[in-house]
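Results of the structural survey
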Amino acid sequence: MSEQNFDLVVLGAGSGGYAAALRASQLGLTVGLIEKGKVGGTCLHVGCIPTKALLHAAEVADVTRESAKYGVTATYGGIDIAAVTGYREEVVASKWKGLQGLIKSRGITTIEGEGRLTSPTTVQVGDVTVTGKNIVLATGSYSRSLPGLEIGGRVITSEQALALDFVPKKVAVLGGGVIGVEFSSVWRSFGAEVTIIEALPNLVPNEDIAISKAFERAFRKRGIDFKTGVRFSGVTQNDSGVVVSLEDGSTVEAELLLVAVGRGPSTANLGFEEVGVNMDRGFVLTDERLRTNIPGVWAVGDIVPGLQLAHRGFQHGIFVAEEIAGLNPIVVDDVNVPKVTYSDPEVASIGLTEAKAVEKFGADAIATYDYNLAGNGKSHIIGTSGNVKVVRQKDGPVLGVHMIGARVGELIGEAQLAVNWEAYPEDIAPYIHAHPTQNEALGEAFLAIAGKPLHGI
C-alpha cells in the first residue's frame, strides 16, 4: 500500500473539481485530482457540451428547411444520425484532449480510480492512500428518476438519449425543465413528435412567469405538445413503445420516455457520512463559504444544495481554492449565477424574477420593462422573436434580467455584470451598444427603464 501527499486533494474531476485543482495549482498548492472516469465529468462527456452540439445540429436542420426565405436554395434531406454522432464525439474529444493537456501543464497529479473518503485528511483509491491538508468533495450528480419509475428498455435518461443511433418518431419527455426542453427541441428539429409532461404549472418553471409563458407559446408554435400541472402515475412498455399514464387519467403513447426530472447528488457509499460529514438527502451541507462541518473538508458543485450548473461548479472550485489560499473571495449567491436554457428559443436569466423582487421589496418599490425583439434589427435578420425583461428597484439597481429568443444566452454576460455590480440603469444607459447586434436589445431595455427609450416606447 502506497501513500501520496498533497496540499489539496480533490475527489472528482468534473467542472467543480477540476476548477478547484487548476486554481489551486496557480496559487502554488500541490494538488492530487482523483477521478474514476474521465476528467471533465458529466458536463464535458454526457451533459453541457454534447447536448449543445446536438442543438447546433438541430439549428442547422431548421435553417436548411427555411433557407428559401433567405434567398438560399438548399435541400433538407433528413438527419444522418451517425454523422451527427461523429460530429458530437469530435467536439467532446477535442475539449477532453485540451483539458487533459491543461491539467498536465499545471503540474496537477491525476489519480485514476474510485476514491473513498476515509478520514478528514485521507482518500483511499484502491491500494493508494491519498493525503491532503485540505480535501474538496466534488463527486457530481446523476440522472434522477421518480419513486417506482425504473430506467431501462424504452425508459431512458439523458445519457441514453445522447447515445441513440436513430431519431425516434414520437417521444414523451417527463420533465419540462432545462434537460427536458433541450432534448425536446432537438428531437422536434430532427422531425420527431414530442409531448412534454410537467407536474408544475409551467415549462421552464424556474424562470420569470412572463418568460415561461412566452416559451410555451414558442414551443406550441413549433408543434411541441405539452401537458403542465399534471403528475406522472406510471408507464408500461413493450417492443414497440411506451404508454405513459398521468394522474388525471389521460395517457401518452410514444416510442420512448425520456426521464428528465433533475439530477441527484453522487455521494452514496463514498465514506462521507462515515467520516461525519453533515448530509441531507444525499447532498453535502456547507456554509456560504463551502466549508463542511469538518475542518479542512470542503464541497463544491452539484453535491451542494442549489443550482446544478457547470459554471456554478467552476465558481465553487475557484472560490474554494482561493479561500484555502487565504484570498478571502467574494460569495456569489445562486440567484446571481446566470442560467441559460439552450433550446429553440433560448432562455437566459440572472437575478430576481419580478415575483421574487416584489416579494422581497414590495410591489410599489419595483419597476420592470419588457423590450420586444421585434424592434431589434439583428433579431429580425436571423428570424427570431422574443423579449428582454429588466427588473429594477425604483430609484435603485437592476435586480434581474430575463430573456427569451434565439442566441440570447450570449447576452447574459453583460446582464450578469449589471446585476452583480448592482448597477443603476441610469449609469448603464450612456453606454450605447453596437448596431446592429442582438446585444442592443439589452441596451434598449436599460435605456427604457432609465426613462429614456430610444427604439422602444
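The notes below deal with the structure included here. Because the structure is a prediction, the values reported are computed rather than measured. (Residues numbered from 1 in each chain as written. Predicted model: local features only at pLDDT ≥ 70, side-chain atom pairs only at ≥ 80, totals over all residues. Heavy atoms only, no water.)

1. Quick look at the packing of helix H1 (residues 15-26) against helix H9 (residues 310-324)
We count it as follows: Axis lines are fitted through C-alpha atoms, for helices just across the contact stretch, and the angle between N-to-C directions can take any value from 0 to 180 degrees. The numbering of helices and of strands both runs from the N terminus, where a helix is a DSSP run of H or I of at least 4 residues and a strand a run of E of at least 2. The handedness criterion is simple: a crossing whose near helix is rotated anticlockwise from the far helix by less than a right angle is left-handed, and one whose near helix is rotated clockwise is right-handed. For this analysis, residues touch if any pair of their heavy atoms sits within 4.5 Å. Charged residues are taken to be Asp, Glu, Lys and Arg, nonpolar residues to be Ala, Val, Leu, Ile, Met, Phe, Trp, Tyr, Cys and Pro, and polar residues to be all remaining types, Gly included.
Taken N-terminus to C-terminus, the directions of H1 and H9 make an angle of 35 degrees; their axes are 7 Å apart at the nearest point. Remark: the crossing between H1 and H9 carries right-handed chirality. For the pair H1 and H9, contact is made by Ser15, Gly16, Tyr18, Ala19, Ala20, Arg23 and Ala24 and by Ala310, Gly313, Phe314, Gly317, Ile318, Ala321 and Glu322, respectively. Each residue belonging to the contact of H1 with H9 can be placed in one class, and the counts come to eight nonpolar, four polar and two charged.

2. Quick notes on the environment of Val408
Position of Val408 relative to the elements: it lies in the loop between strand S24 (398-405) and helix H12 (412-420). Along the backbone, Val408 and Val297 are 111 residues apart, and their C-alpha atoms lie at a distance of 38 Å. Leave out the neighbours within four places in its chain, and Val408 touches Glu346, Val347, Ala348, Leu373 and Met403.

3. Description of the pattern of salt bridges
Our working rule: The salt bridge criterion pairs a side-chain nitrogen of Lys or Arg with a carboxyl oxygen of Asp or Glu, the two atoms within 4 Å. Relative accessible area decides the class of each residue, using a 1.4 Å probe on protein chains only: under 20% of the type maximum gives buried, over 50% gives exposed, and in between gives partly exposed.
All told, the structure shown has 15 salt bridges when counted by the stated rule. Salt-bridge contacts for Lys389 lead to Asp208; the nearest nitrogen and oxygen are separated by 2.9 Å. One end of the pair, Lys389, is in strand S23 (residues 387-393); the other, Asp208, is in the loop between strand S10 (193-198) and helix H7 (209-221), with 181 residues separating them in the sequence. Close ionic contact of Arg291 with Asp287 constitutes a salt bridge, the shortest N to O distance being 2.7 Å. Relative accessible area serves as the criterion here: at 30%, Asp287 is assigned to the partly exposed category. Here the salt bridges do not stand alone but share partners, grouping Asp62, Arg65 and Arg222 into one network.

4. Side note on helix H4 (residues 81-105)
Condition: One less than the number of residues in a helix, times 1.5 Å, gives the span that helix is expected to have.
Across its 25 residues, H4 extends 36 Å between first and last C-alpha, which sits within 8% of the 36 Å expected from 1.5 Å per residue. Among all positions of H4, only Ile81, Val84, Thr85, Arg88, Val92, Leu99 and Ile103 are buried. Backbone geometry just after H4 places Gly107 at a positive phi near 75 degrees.

5. With respect to the nonpolar core
Put simply, the rule reads: Within this scheme, the nonpolar core is defined by two criteria: the residues are buried Ala, Val, Leu, Ile, Met, Phe, Trp, Tyr or Cys, and they are joined through side-chain atoms within 4.5 Å.
Counting residues in hydrophobic clusters, the biggest one holds 47 residues, and the most contacted among them are Val10, Leu137 and Phe272. Non-local contacts of Leu137, meaning those with residues more than four positions away in its chain, are made with Leu11, Leu117, Phe272, Val277, Val297, Trp298, Ala299, Val300 and Ile303. Within the second largest apolar cluster, 33 residues are counted, among which are Ala58, Leu162, Val171 and Ala214.

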